[in-house]
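In case you want the letters, here they are:
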Amino acid sequence: MKIVFLGTPSFALKPLIELNNSRHKIVAVVSQPDRAKGRKGNLLPTPVKELALSLNLPTHQFESIKNQIAFLKSLNADIFITVAYGQILSQEILNTPKFGVINAHASLLPKYRGASPIQSAILNGEKETGITIMQTELGLDSGNILSQEKIPILDSDTIETLFDKLSTLSADLLLKTLCKLENGNSFSVPQDHMLATKCSLITKEMGSLDFSKSARQVFNQIRAINSYSHIDGLYIRILDSEIINEHQINKDAGLIENDFIVKCGQGLLKIKQVLPMNKKRMTAKQFLLGNDVRGKKIGTN
RNA sequence: CGCGGGGUGGAGCAAUAGGUAGCUUGCCGGGCUCAUAACCCGGAGGUUGGAGGUUCGAGUCCUUCCCCCGCAA
């Protein structure tokens, strides 16, 4: 099939690589415009753009793809595939290719429609997640489901590992789904919209840790998103932790005991890796060598 | 020219108003012990990121360069 691939962040890299290696032909790659990145605000290419160029694929970036109907039609593609592209398509675009537009979404739709499916699944303590390939329609991640595959969320998983696994899985599932579409033996099922949930973009503030919650909840937050707290006014990012106890009820939540074990509202959480303001990432042990925090409280100022 | 914080023995941190560079840990040697990620004694290891300058004297003040990081995007 002749494919137009639309994607932006690194999550879309594996799908692009696999599709490019398959017998299908990628006739164009579309990515978001370059955005200012980094400390100096330099303009950096999106991961997908960078990869596409290195693969010598025709690459395009549009401020608004809705104005590019004529161009998109001229590509004469069989199907458009979006993986975390980041722009809303119009009905006219959806109608352009023979097989329409399909999208790979990193959740078990209809749950976790929206911007942060992976983070939200970890955050909510889900036991499993997965990839859903759906026929794109105008609604947000609401199209009919073409295929879906699950994977478990392990305690050892973090946003990085899950991101990786799901990216790989999406590449895999996209290929299988293309195959079915091509052979005409694919069928799609409408989502049960009553069960739909949405997740929004992750904001900085969502990373603020609340140790009055349970150790499990804090643990999940640390695994899911950039989390931080304060000790004596010192801003400190918490990178890794381990649940020591899930049941013990504590009144003095936030109190730091030996070995950087923190009392949570329910349970004990051991901090294992941190990144203090202006420092490099370090193990809790290293941090403790230079900072005596026993008996102090961790939390909002 | 987005805002801001740092570079001190291998590692993590200190050093009142410029005046002998310390602490914790690690490493080496020795001791104690049935034993120890325990304890005791001793030791090595720094031209305080680089280069200039001010000063009787600079980790500490000034200029400049290099590197690292947080926030914001």
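Residues numbered from 1 in each chain as written. Chains lettered and ligands numbered in written order. Predicted model: local features only at pLDDT ≥ 70, side-chain atom pairs only at ≥ 80, totals over all residues. Heavy atoms only, no water.

J.: Go over the packing of helix α1 (residues 13-21) against helix α6 (residues 159-183) with me, naming the residues and quoting the values.
T.: With their axes 8 Å apart at the nearest point, α1 and α6 run at an angle of 35° to one another. Read as a crossing pair, α1 and α6 show a hand that is right-handed. Taking contact as the criterion, the partners of K14, P15, E18 and L19 in α1 are, on α6, D164, S167, T168, S170, A171, L174, L175 and L178. Across the contact of α1 with α6, the residue classes break down as 6 nonpolar, 3 polar and 3 charged. (Axes fitted to C-alpha atoms, helices over the stretch in contact; angles between N-to-C directions. Helix = DSSP H or I, 4+ residues; strand = E, 2+ residues; numbered from the N terminus. Left-handed = near helix turned anticlockwise from the far one by under 90°. Contact = heavy atoms within 4.5 Å. Nonpolar A, V, L, I, M, F, W, Y, C, P; charged D, E, K, R; others polar.)

J.: Describe the environment of F80, and please don't skip the residues or the numbers.
T.: Mapped onto the secondary structure, F80 falls in strand β6 (residues 79-83). Separated by 68 residues in sequence, F80 and A12 have C-alpha atoms that sit 14 Å apart. When residues no more than four places from it in sequence are discounted, the contact partners of F80 are V4, L6, L72, I93, T96, P97, G100, V101 and I102.

J.: Which residues make up helix α7 (residues 215-224), and what values go with them?
T.: An α-helical turn contains 3.6 residues, so a residue and the one three or four places further along point in the same direction. With 8 of 10 residues buried, α7 is to be regarded as a mostly interior element. Within α7 the residues assigned to the buried category are A215, V218, F219, N220, Q221, I222, R223 and A224. Looking at the buried residues of α7, the elements they touch are α5 (117-123), α6, β12 (227-231), β13 (234-249) and β16 (266-276). (Buried < 20%, exposed > 50% of the residue type's maximum accessible area, 1.4 Å probe, protein only.)

J.: Give me the packing of aromatic side chains: which residues, what numbers.
T.: Under the criterion given, the structure shown has 4 aromatic pairs. Judged by centre distance (5.2 Å) and plane angle (80°), the ring pair of F11 and F163 falls under edge-to-face. On the criterion of sequence distance, the pair formed by F11 in the loop between β1 (2-7) and α1 and F163 in helix α6 is long-range, its members being 152 residues apart. Assessed through its relative accessible area of 6%, F11 is described here as buried. For F163, a relative accessible area of 28% corresponds to the partly exposed category. (Phe/Tyr/Trp six-rings, centres within 6.5 Å; stacked < 30°, edge-to-face > 60°.)

J.: Which residues make up the protein's contact with RNA strand B, and what are the values?
T.: Taken together, 17 residues are adjacent to RNA strand B, and R39, M277, N278, Q286 and G290 come closest. Within the backbone of L289, one N or O atom sits 3.2 Å away from a base nitrogen of RNA strand B. Of all the secondary structure elements, the ones that give two or more residues to the surface near RNA strand B are β3 (35-37), β13 and α8 (284-290). The residue inventory of the surface near RNA strand B, partitioned by class, reads 7 nonpolar, 4 polar and 6 charged. (Near = heavy atom within 4 Å. Polar contact = N/O pair within 3.5 Å; in protein donor to acceptor, adjacent residues only side chain to side chain.)

J.: How would you explain the environment of G290 if you had to name every residue and give the values?
T.: Summarising the element assignment, G290 is placed in helix α8. Taking relative accessible area as the criterion, G290 reaches 62% and is therefore assigned exposed. Considering only alpha carbons, one finds G290 and L123, 167 residues apart in sequence, at a separation of 32 Å.

J.: Explain the pairing of β13 to me, using residue names and the numbers behind them.
T.: Direction of pairing for β12 relative to β13: antiparallel, over a ladder of 5 bridges. Within β13, the position partnered with S227 by the bridge is I238. Between β12 and the antiparallel strand that follows it, β13, lie 2 residues; D232 among them carries a positive phi value of about 55°. One ladder, built from 9 bridges, connects β13 with β16; its direction is antiparallel. (Pairing = 2+ DSSP bridges.)

J.: Talk me through the nonpolar core; I want residue IDs and the actual numbers.
T.: If you look at the biggest cluster of nonpolar residues, it comprises 39 residues, and the most contacted ones within it are F5, L16, I81 and I102. Tallying contributions element by element places α6 first for this core, with 8 residues. Discounting chain neighbours no more than four positions away, the residues touching I81 are I3, V4, F5, L6, L19, I102, L174 and L178. Formed by 22 residues, the second largest nonpolar core is a distinct cluster that contains A215, F260, V262 and I271. (Core = buried A, V, L, I, M, F, W, Y, C linked by side-chain atoms within 4.5 Å.)

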